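# Breakdown of the fold
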Amino acid sequence: MLPGKIKKGAVVVVFFFFFFFFFFFFPILSRNDSKSPNFSLSQFNMTMGSLTEGLYTLNFHYCRPRTEVLNTYALSVSTEIVERNPGGYLSASEIPLPRLYICMAAVFFVAAVIWVYTLMKHRYSVFKIHWLMAALAFTKSISLVFHSINFHFINTEGHPIEGWAVMYYITHLLKGALLFITLALIGTGWAFVKYILSDKEKKIFMIVIPLQVLANVAYIIIESTEEGTSEYRLWKEILFLVDLICCGAILFPVVWSIRHLQEASTTDGKAAMNLEKLKLFRHYYVMIVCYIYFTRIIAIFLKVIVPFQWQWGYEFLVEVSTLVFFVLTGFKFRPASNNPYLQLPQDEEDMEMDEV
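Per-chain numbering applies: the sequence of each chain, read as written, is numbered from 1 onward. Given that this is a predicted model, residues contribute local features only at a pLDDT of at least 70 and side-chain atom pairs are listed and counted only at 80 or more, while totals for whole chains, interfaces and linings are drawn from all residues. Values reported for side chains reflect all heavy atoms of the structure, with hydrogen atoms and water molecules removed beforehand.

## Observations regarding the overall build of the protein
Condition: Note on conventions: DSSP H or I runs of at least 4 residues are helices, E runs of at least 2 residues are strands, and numbering of each starts at the N terminus. Between buried and exposed lies partly exposed: a residue is buried under 20% and exposed over 50% of the maximum accessible area for its type, with that area taken using a 1.4 Å probe on protein chains only. Residue contacts are defined here by distance: any two heavy atoms, one from each residue, within 4.5 Å place the two residues in contact.
Regarding its fold elements, the protein presents 11 helices and 0 strands. Counting from the amino terminus, helix and strand elements in the protein follow one another as α-α-α-α-α-α-α-α-α-α-α. Here the protein holds 356 residues, and the buried ones make up 31% of them. The contacts of the protein with a sequence gap of at least 6 include a subset with a gap of at least 24, amounting to 69%.

## Topic: the UniProt feature "transmembrane region" (unreviewed entry) in the protein
Selection rule: UniProt positions are given in the numbering used here, feature names are shortened, and annotations may be inferred rather than shown by experiment.
Following the UniProt record, the feature "transmembrane region" (unreviewed entry) maps to residues 9-29, 99-119, 131-154, 166-192, 204-222, 234-256, 284-306 and 312-331 here. Segment residues 131-154 splits into 100% helix and 0% strand. End C-alpha atoms: 35 Å apart. Split by type, residues 312-331 is 95% helix and 0% strand. Its first and last C-alpha atoms lie 29 Å apart.

## Quick notes on the nonpolar core
To keep it simple, the criterion reads: Throughout this description, the term nonpolar core refers to a set of buried Ala, Val, Leu, Ile, Met, Phe, Trp, Tyr and Cys residues connected via side-chain atoms within 4.5 Å.
Counting 44 residues, the largest nonpolar core has Leu 179, Phe 180, Ile 250, Tyr 284 and Phe 325 as the members making the most contacts within it. At the level of secondary structure, the elements contributing two or more residues to this core comprise helix 2 (97-121), helix 3 (128-157), helix 4 (162-188), helix 5 (199-223), helix 6 (230-249), helix 9 (282-305) and helix 10 (313-332). Broken down by element, the residue count for this core peaks at 8 residues, all from helix 2. With near-sequence residues (within four places) excluded, Ile 250 lies in contact with Phe 180, Leu 183, Ala 184, Ile 288 and Ile 292. Phe 146, Ala 165, Tyr 168 and Tyr 219 belong to the second-largest nonpolar core, a separate cluster that totals 5 residues.

## Description of the packing of helix 2 against helix 10
The condition that has to hold: Here an angle of 0 to 180 degrees is reported between the N-to-C directions of two axes, which are lines fitted to C-alpha atoms, with helices fitted over the stretch in contact. For this classification, under 35 degrees means roughly parallel, over 145 means roughly antiparallel, 65 to 115 means roughly perpendicular, and everything else is oblique. Only Asp, Glu, Lys and Arg are considered charged in this grouping, and only Ala, Val, Leu, Ile, Met, Phe, Trp, Tyr, Cys and Pro are considered nonpolar; every other residue, Gly among them, is considered polar.
Remark: helix 2 packs on helix 10, axes separated minimally by 11 Å, with the N-to-C direction vectors making an angle of 5°. Between helix 2 and helix 10, the crossing angle belongs to the class labelled roughly parallel. Facing helix 2, whose interface residues are Leu 97, Leu 100, Tyr 101, Met 104, Val 107, Phe 108 and Trp 115, helix 10 presents Glu 315, Phe 316, Glu 319, Val 320, Thr 322, Leu 323, Phe 326 and Gly 330. Taken together, the residues that form the contact of helix 2 with helix 10 break down as 11 nonpolar, 2 polar and 2 charged.

## As for the side chain of Asn 150
Within the secondary structure layout, Asn 150 lies in helix 3. Not counting residues within four places of it along the chain, the set of residues in contact with Asn 150 comprises Pro 160, Ile 161 and Ala 165.

## A closer look at the pattern of salt bridges
Selection criterion: Salt bridge criterion: a side-chain nitrogen from Lys or Arg within 4 Å of a carboxyl oxygen from Asp or Glu.
Scanning the model with the defined rule gives 3 salt bridges in all. Between Glu 319 and Lys 140 there is a salt bridge; the shortest N-O distance is 3.0 Å. Remark: Lys 140 occurs in helix 3 and Glu 319 occurs in helix 10; sequence separation between them is 179 residues. Each member of the pair, Glu 319 as well as Lys 140, carries the same accessibility label: buried. Between Arg 233 and Glu 237 there is a salt bridge, with its nearest N and O atoms 3.6 Å apart. Residue Arg 233 and its partner Glu 237 are located together in helix 6, separated by 4 residues, close to a single helical turn.

## Structural notes on the packing of aromatic side chains
What describes a pair of aromatic rings is the distance from one ring centre to the other and the angle between the planes of the rings. Which entries qualify depends on this criterion: Aromatic rings from Phe, Tyr and Trp, taking only the six-membered ring of Trp, are treated as a pair when their centres fall within 6.5 Å; an angle between ring planes under 30 degrees marks them as stacked, one over 60 as edge-to-face, and anything in between as tilted.
Overall, the coordinates contain 10 aromatic pairs when judged by the stated rule. Measuring from ring centre to ring centre gives 5.9 Å for Phe 146 and Trp 164, while their planes differ by 40°; the resulting arrangement is tilted. Of this pair, Phe 146 sits in helix 3 while Trp 164 sits in helix 4, placing them 18 residues apart in sequence. We classify Phe 146 as buried; its relative accessible area is 14%. Judged by centre distance (6.4 Å) and plane angle (50°), the rings of Phe 325 and Phe 326 are tilted. The class for Phe 325 is buried, based on a relative accessible area of 5%.

## Examining helix 3
Quick reminder of the rule: Multiply 1.5 Å by the residue count of a helix minus one, and that product is the helix's expected span.
Spanning 30 residues, helix 3 covers 43 Å between terminal C-alpha atoms, matching the ideal 44 Å at 1.5 Å per step. Gly 158 sits one or two residues past helix 3 and shows a positive phi near 90°.

## Details of the environment of Ala 111
On the secondary structure map, Ala 111 appears in helix 2. For Ala 111, a relative accessible area of 29% gives the class partly exposed. Ala 111 sits 212 residues away from Leu 323 along the chain, and the two C-alpha atoms are 8.8 Å apart.

## A short note on the packing of helix 5 against helix 6
The following threshold applies: Should the near helix be turned anticlockwise from the far one by less than a right angle, the crossing is left-handed, and should it be turned clockwise, the crossing is right-handed.
Axis separation between helix 5 and helix 6 bottoms out at 9 Å; the angle between their running directions is 150°. With respect to each other, helix 5 and helix 6 are oriented roughly antiparallel. Seen along the crossing, helix 5 lies across helix 6 with a hand that is left-handed. Here helix 5 contributes Ile 204, Val 208, Leu 211, Gln 212, Leu 214, Ala 215, Ala 218, Tyr 219, Ile 221 and Ile 222 to the contact with helix 6, which in turn contributes Tyr 232, Trp 235, Lys 236, Leu 239, Val 242, Asp 243, Ile 245, Cys 246 and Ala 249. Split by residue class, the contact of helix 5 with helix 6 holds 16 nonpolar, 1 polar and 2 charged.

Right, dumping it as structure tokens:
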């Protein structure tokens, strides 16, 4: 029985020796002597033809050794990756973006000019918030211009030009802040229904504005960070969470106003009139919800399911939906004498005069 045990023990020892050698020592011994054309430590070149086009990702994984012997092995990697398509450095899903952004910038600029012309034509019915809406439209147009220029240089040079990128980030920050401030002010009925904000509504602005700054900082970090880094995933989750909080926060003043007016409408005739005013804004609130739902959920879902060549359609849908939302909002709150939003009587005496 002893020779048999010795043979079995020898087999086990030999097996573990080969296992340990091939999985631990062999990679160390061969790391600097690899001359295989499939894996080169100095250069890796891959060319895709028209039949092999697709969305490719290059991942590098480094697992730290667990044994004390291998802990002395230090890995130092310096890489320079050049990814290029026949038309430039942009990926297939980003090639149409410079033209898309510059075209949408022109459309937003035309819409802003038409809006300013409408304000000048009905200057006696214009409120301050109307000019804020004009500033938002112009800022959106300028932001898209800088975005298009930034993508153009990425496509031609392979990297963004710092000056144009900074200008885009600044205008993007201003556009985001103006957008949520304008939506919140219109939602509270400021200038259309009342001229004073409650303490709760002021706190909403104190929350939304810093969160918008944080969201834009996260966006800038995402744009300037490689996708494979740990910071990229963290800031992407922060951006998504903060953006949803801002979208939900702008709806709170509406709920508070309606709830307060519903409680006071049974005893106060003016409160009942104010409730009637807020009912006129109801479909505008539905517009906000639809806009948020479409740009934050549906568009992202479409980006996931479409082929990589058509992923630029996500940006197209977002910009078109934003344009439609701006146009509908301007139409609903246009400074015209026949606008039902601006014809609301302010007290009971005005109601009696209308009846007469």
